[in-house]
Every structure is written in C-alpha cells, then in structure tokens.
Amino acid sequence: MGSTGTVLRELRGAQKSAKGVSLYSRYVNRPAGRMLAAGAYRAGLTPNQVTLVSAAFTYAALAAVALVEPSWTLGLAVYAALAVGFAFDSADGQLARLTGRGGPDGEWLDHVVDCGKLLLVHAAVLISFYRFGELPSDAWLLLPLGFQLAAVVTFCAGLLREQLGKAAATALAATAQASPVPADPGTPPAPVSRVRAVALLPADYGVFCLVFLLLGAPGAFRAGYAVLAVVHTLFLAAFLTKWFRELRALRPG
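Conventions adopted
Residues numbered from 1 in each chain as written. Predicted model: local features only at pLDDT ≥ 70, side-chain atom pairs only at ≥ 80, totals over all residues. Heavy atoms only, no water. UniProt positions renumbered as here; feature names shortened; annotations may be inferred. Helix = DSSP H or I, 4+ residues; strand = E, 2+ residues; numbered from the N terminus. Buried < 20%, exposed > 50% of the residue type's maximum accessible area, 1.4 Å probe, protein only. Contact = heavy atoms within 4.5 Å. Areas by Shrake-Rupley, 256 points an atom, 1.4 Å probe, with all protein chains shown as cover. Axes fitted to C-alpha atoms, helices over the stretch in contact; angles between N-to-C directions. Parallel < 35°, antiparallel > 145°, perpendicular 65-115°, else oblique. Left-handed = near helix turned anticlockwise from the far one by under 90°. Salt bridge = Lys/Arg side-chain N within 4 Å of Asp/Glu carboxyl O. Expected span 1.5 Å × (residues − 1). Bend = angle between axes of the 7 residues up to and from the residue. Phe/Tyr/Trp six-rings, centres within 6.5 Å; stacked < 30°, edge-to-face > 60°. Arc of directions from axis to C-beta. Nonpolar A, V, L, I, M, F, W, Y, C, P; charged D, E, K, R; others polar.

- An unreviewed UniProt entry annotates the protein as CDP-alcohol phosphatidyltransferase family protein originating from Streptomyces microflavus.
- UniProt's Sequence similarities (unreviewed entry) comment on the protein is quoted here verbatim: "Belongs to the CDP-alcohol phosphatidyltransferase class-I family."

**Description of the overall build of the protein**
Part 1 of the argument: Scanning the protein from N- to C-terminus turns up nine helices and zero strands.
Part 2 of the argument: Moving toward the C terminus, one meets the helices and strands of the protein in the order α-α-α-α-α-α-α-α-α.
Part 3 of the argument: For the protein, the proportion of its 253 residues judged to be buried stands at 38%.
Part 4 of the argument: Partitioning the contacts of the protein with sequence separation of at least 6, the portion at a separation of at least 24 is 83%.
Part 5 of the argument: Looking at the protein as shown, the accessible area adds up to about 13,900 Å², and 67% of this sits on carbon and sulfur atoms.

**Structural notes on the packing of helix H4 (residues 72–99) against helix H5 (residues 104–132)**
Packed helix pairs are characterised by how far apart their axes lie and by the angle those axes make with each other.
Part 1 of the argument: Following both chains from N to C, one finds H4 and H5 inclined at 160°, their axes separated by 11 Å at the closest point. Regarding the angle of H4 to H5, the classification is roughly antiparallel. Considering how the two elements wind past one another, H4 and H5 form a crossing that is left-handed. Listed contacts from H5 to Phe86, Asp89 and Asp92 of H4 are Asp110, Asp114 and Lys117.

**Description of the pattern of salt bridges**
Part 1 of the argument: For the structure on display, the rule yields five salt bridges.
Part 2 of the argument: Here Glu162 ties to Lys166 by a salt bridge, and the two come within 3.4 Å at their closest N and O atoms. Of this pair, Glu162 and Lys166 both sit in helix H6 (residues 142–178), four residues apart, which is roughly one turn of the helix.
Part 3 of the argument: With relative accessibility at 36%, the residue Glu162 sits in the partly exposed group.
Part 4 of the argument: According to the relative accessible area criterion, Lys166 is partly exposed, its value standing at 46%.

**As for helix H2 (residues 23–43)**
Part 1 of the argument: In this model H2 runs 29 Å from its N-terminal to its C-terminal C-alpha over 21 residues, within 8% of the 30 Å that 1.5 Å per residue would give.
Part 2 of the argument: By the largest-angle criterion, Asn29 marks the main kink of H2, which is about 35°, and a proline, Pro31, follows within four residues.
Part 3 of the argument: By the burial criterion, the buried members of H2 are Leu23, Tyr24, Ser25, Asn29, Arg30, Gly33, Arg34, Ala37, Ala38 and Ala40.
Part 4 of the argument: Just downstream of H2, Gly44 is the residue with a positive phi angle, here 80°.

**Let's talk about the packing of aromatic side chains**
A ring pair, where both rings are aromatic, is described by two values, the distance of the centres and the angle of the planes.
Part 1 of the argument: Going through the model one piece at a time under the given rule, you end up with 14 aromatic pairs.
Part 2 of the argument: Ring geometry for Phe208 against Tyr225: centres 6.5 Å apart, planes inclined by 50°, an arrangement best described as tilted. Within this pair, whereas Phe208 is found in helix H8 (residues 205–209), its partner Tyr225 is found in helix H9 (residues 218–249), the two being separated by 17 residues in sequence.
Part 3 of the argument: A centroid spacing of 5.2 Å and a plane angle of 15° characterise the contact between Phe239 and Trp243, whose relative ring orientation is stacked. Within this pair, Phe239 and its partner Trp243 are both found in helix H9, separated by four residues, close to a single helical turn.
Part 4 of the argument: For Trp243, a relative accessible area of 15% translates into the label buried.
Part 5 of the argument: By the ring-pair criterion, three or more aromatic residues cluster together here, those being Tyr24, Phe86, Phe129, Phe147, Tyr205, Phe208, Phe212, Phe221 and Tyr225.

**Thoughts on helix H3 (residues 47–67)**
Part 1 of the argument: With 21 residues, H3 extends 30 Å from end C-alpha to end C-alpha; this agrees with the ideal 30 Å at 1.5 Å per step.
Part 2 of the argument: For H3, every residue scored as buried is listed here: Pro47, Val50, Thr51, Ser54, Ala55, Thr58, Ala61, Leu62, Val65 and Ala66. Taken around the axis of H3, the buried residues stretch over an arc of 145°, which confines them to a single face.
Part 3 of the argument: Residues of H3 that are buried in the fold lie against H2, H4, H5 and H8.

**Comments concerning the packing of H2 against H4**
Part 1 of the argument: Orientation of H2 relative to H4, taken along the N-to-C sense of each, is 65°, at an axis distance of 7 Å. In terms of orientation, H2 lies roughly perpendicular with respect to H4. Considering how the two elements wind past one another, H2 and H4 form a crossing that is right-handed. Across the interface between the two elements, Tyr24, Ser25, Asn29, Arg30, Ala32, Gly33, Arg34, Leu36, Ala37, Ala40 and Tyr41 of H2 pack against Tyr79, Ala83, Val84, Phe86, Ala87, Phe88, Ser90, Ala91, Gln94, Leu95, Leu98 and Thr99 of H4.
Part 2 of the argument: Partitioned by chemical class, the residues of the contact of H2 with H4 number 15 nonpolar, six polar and two charged.

**As for the UniProt feature "transmembrane region" (unreviewed entry) in the protein**
Part 1 of the argument: Taking the UniProt record as the reference, the feature "transmembrane region" (unreviewed entry) is found at residues 50–68, 139–160, 197–217 and 223–244.
Part 2 of the argument: As annotated, residues 50–68 has a helix share of 95% and a strand share of 0%, and its two end C-alpha atoms lie 27 Å apart.
Part 3 of the argument: Here residues 197–217 is 38% helix and 0% strand, with 30 Å between the C-alpha atoms at its ends.

Structure, rendered in structure tokens:
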C-alpha cells in the first residue's frame, strides 16, 4: 500500500472530466473527496462502504432537520454533516477508479443513496416547516413538494439521458462499422467552460446545502430556500430542453 502522497497523485490522475461540473464540485468537493478517498484507501475500505458512510452523514443530518427545532447550532451541524456526506459521495467513485473495484452494484448503490437523499432533504424541510415553522401561509408547505419534484425529475432525466445516450452512441458505432462509408471522425471535445462552471453553481448540491446555515433565522431560511427552488425549476426546464434535443439528434438515419 503506497504512501498517502502517492495515493493522492494517483487519484488526481483518475478524475472524471470537469465538463458540466460547477466550480464548487471542481475545486471544493472533488478535492475534499480525494482526501477522503485516500484515507479510505489507507483504511482498507471498499467503495461501497464509503458510499454507506456518505449515506450515514447525509441521512443523519436530514433526520435532525425534521426532528430538532431549528437553531443556528443545528444549522451549522446540519451543513457540516451534509458537506461531509457530499464529499464522501465523491470519494466512493474516486476510490473505485483508483482500485478498479467499481462495478454495477456500486453504481446502483450510489444512485439509490442519491435518490433517497433528494427525496428526504425536501421531505425533512416540509416536516420542519409543519412542526416548527410559524409560516405566513399554509401555502408554504407546497414549496418543498415543488422543489422535490424539480430535484427528482432533474436527477432521473439526467440519468436516463446518460444511459440512453450511451446506448444510442453504441448503436450508431455498430452501424458505422458495418457501413462501407467511412465514419465521420467527429470534432475534438470542447474545452471546459469556466463561464458554464460558474453558471452551474446555483444548481450544485453543495451550494444548496449552504442554505441550512440559515436555520437559525426561519424567515431568511424560507427566503433562501424559495429562491433556490425557483432557480432549480428554471434549470430543470433548460436541462430538459437540452437533453431532449441531444437525444433526438441521436436518432438513426
């Protein structure tokens, strides 16, 4: 087993592409995940065990949101646990690429944990609103449901876009190999856009977690949460349009 420095160098060489990644994930969450992945490697943990550690931090934080009266102390603790859970969520994939121990079971487990997280985070806010919030109107109880809808549809649609895109690309490649017409070499991949990385910040889960630092000020928390809900809904509309057009372009013939 190599030194921590050696492991970190190997992890840097096994990073996923930065395309479509916000500045937070690129410069905060992934480096934090790399440190955790190195520690997990030294401790002999498997990628699936790291995924379960991520789930433990995240789900404990969400249970606290639902069950404990909001305060500044709670907000700080919840944010810290969510941020650590998110970093471990990055670490499991990095550890899998480093060790070559990834597989469909690990990818499935990671997506199950992520899906549960997206459902529970907004359910926890809804419960907190109902139990502890002195809401200006009962209509505020609909906000977490709408935010949950936008988050889950974005997650599922993005996952389907990835899987269907891979299947269509494989089919097109097979057709091209069987055809006597030379295949189009295509264009080189576009460089990573820093403007896009900045624009994606409001849609980043790590940035969303910052709103829980406002739990000690219920009015400020509701306002911040509402703004993020609107932003995520707008991103959903943009993503759905983009992904639909990309998949339509992959039609054969």
